[in-house]
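This is what each chain is made of:
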Amino acid sequence: MISRASLAAGVGVGLIFGLVLYHLINIAVWRPAAVSEGREMERADALKKSIELIQKRSQTNAEIHVLDTGALCRELGGRWVPEHRVCD
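Owing to the predicted nature of the structure, the values given are computational and were not obtained by experimental measurement.

Trainee: I keep staring at the overall build of the protein chain and nothing clicks. Help me out?
Mentor: Within the protein chain one finds two helices and two strands. Each helix and strand of the protein chain, placed in order from N terminus to C terminus, yields the pattern α-α-β-β. Over its C-alpha trace the protein chain gives a radius of gyration of 34 Å, far above what one expects of a compact globule, namely 12 Å for 88 residues. Dimensions of the protein chain along its principal axes, counting C-alpha atoms only, are 110 × 20 × 10 Å.

Right, here's the structure in full:
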């Protein structure tokens, strides 16, 4: 018959083997997939932010395009002096 000591040793060896196998599968399969997915998510977020910034810039350009020189000067915080045609 199997003694309790050999049964406990078998359970211990089996547990260690299972943990090592789990760790190897994690390193070989799951972790690279998670890293790849994280990179894709980061790229998607960066692309979304870039698109938002480009749209905001296009809107700003459209608003500035309709301003005359004096209004543009005032929008930039200056004071338009029409007789000298300069912005202070």
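Trainee: I'm lost on a nonpolar patch on the surface in this one. Help?
Mentor: Where nonpolar side chains cluster on the molecular surface, the patch consists of Phe 17, Leu 21, Tyr 22, Ile 25, Val 29 and Trp 30 and spans about 630 Å² of accessible area. Following the sequence through the fold, Leu 21 ends up in helix α1 (residues 4-65).

Trainee: Would you take a moment to explain α1 for this structure?
Mentor: An α-helix turns once per 3.6 residues; consequently, residues spaced three or four apart project the same way. Taking 1.5 Å per residue, 62 residues should reach 92 Å; α1 reaches 87 Å between its end C-alpha atoms and fits that length. The largest bend along α1 reaches roughly 45° and is located at Asn 26.

Trainee: Got a minute to help me understand the environment of Pro 82 in this structure?
Mentor: You can see Pro 82 is positioned in the loop between β1 (80-81) and β2 (86-87). Of the residues examined, Pro 82 reaches a relative accessible area of 47% and is grouped as partly exposed. C-alpha of Pro 82 to C-alpha of Thr 69: the two residues are 13 residues apart in sequence and 9.8 Å apart in space.

Trainee: Explanation requested: the confidence of the model for the protein chain in the structure shown.
Mentor: Should the pLDDT be low somewhere, the predicted coordinates at that spot are not to be read in detail. Averaged over the protein chain, the pLDDT score is 88; the fraction of residues at 70 or greater is 93%. Here β2 stands out as the least confident element of the protein chain, with mean pLDDT 66; α1 is the most confident, with 92.

Reading guide: rules and limits
- Residues numbered from 1 in each chain as written.
- Predicted model: local features only at pLDDT ≥ 70, side-chain atom pairs only at ≥ 80, totals over all residues.
- Heavy atoms only, no water.
- Helix = DSSP H or I, 4+ residues; strand = E, 2+ residues; numbered from the N terminus.
- Rg over C-alpha atoms; globule rule 2.2 N^0.38 Å.
- Patch = residues over 30% accessible without salt bridge, like charges linked within 9 Å, V, L, I, M, F, W, Y side chains within 5 Å.
- Areas by Shrake-Rupley, 256 points an atom, 1.4 Å probe, with all protein chains shown as cover.
- Salt bridge = Lys/Arg side-chain N within 4 Å of Asp/Glu carboxyl O.
- Expected span 1.5 Å × (residues − 1).
- Bend = angle between axes of the 7 residues up to and from the residue.
- Buried < 20%, exposed > 50% of the residue type's maximum accessible area, 1.4 Å probe, protein only.
- pLDDT = per-residue confidence, 0-100.

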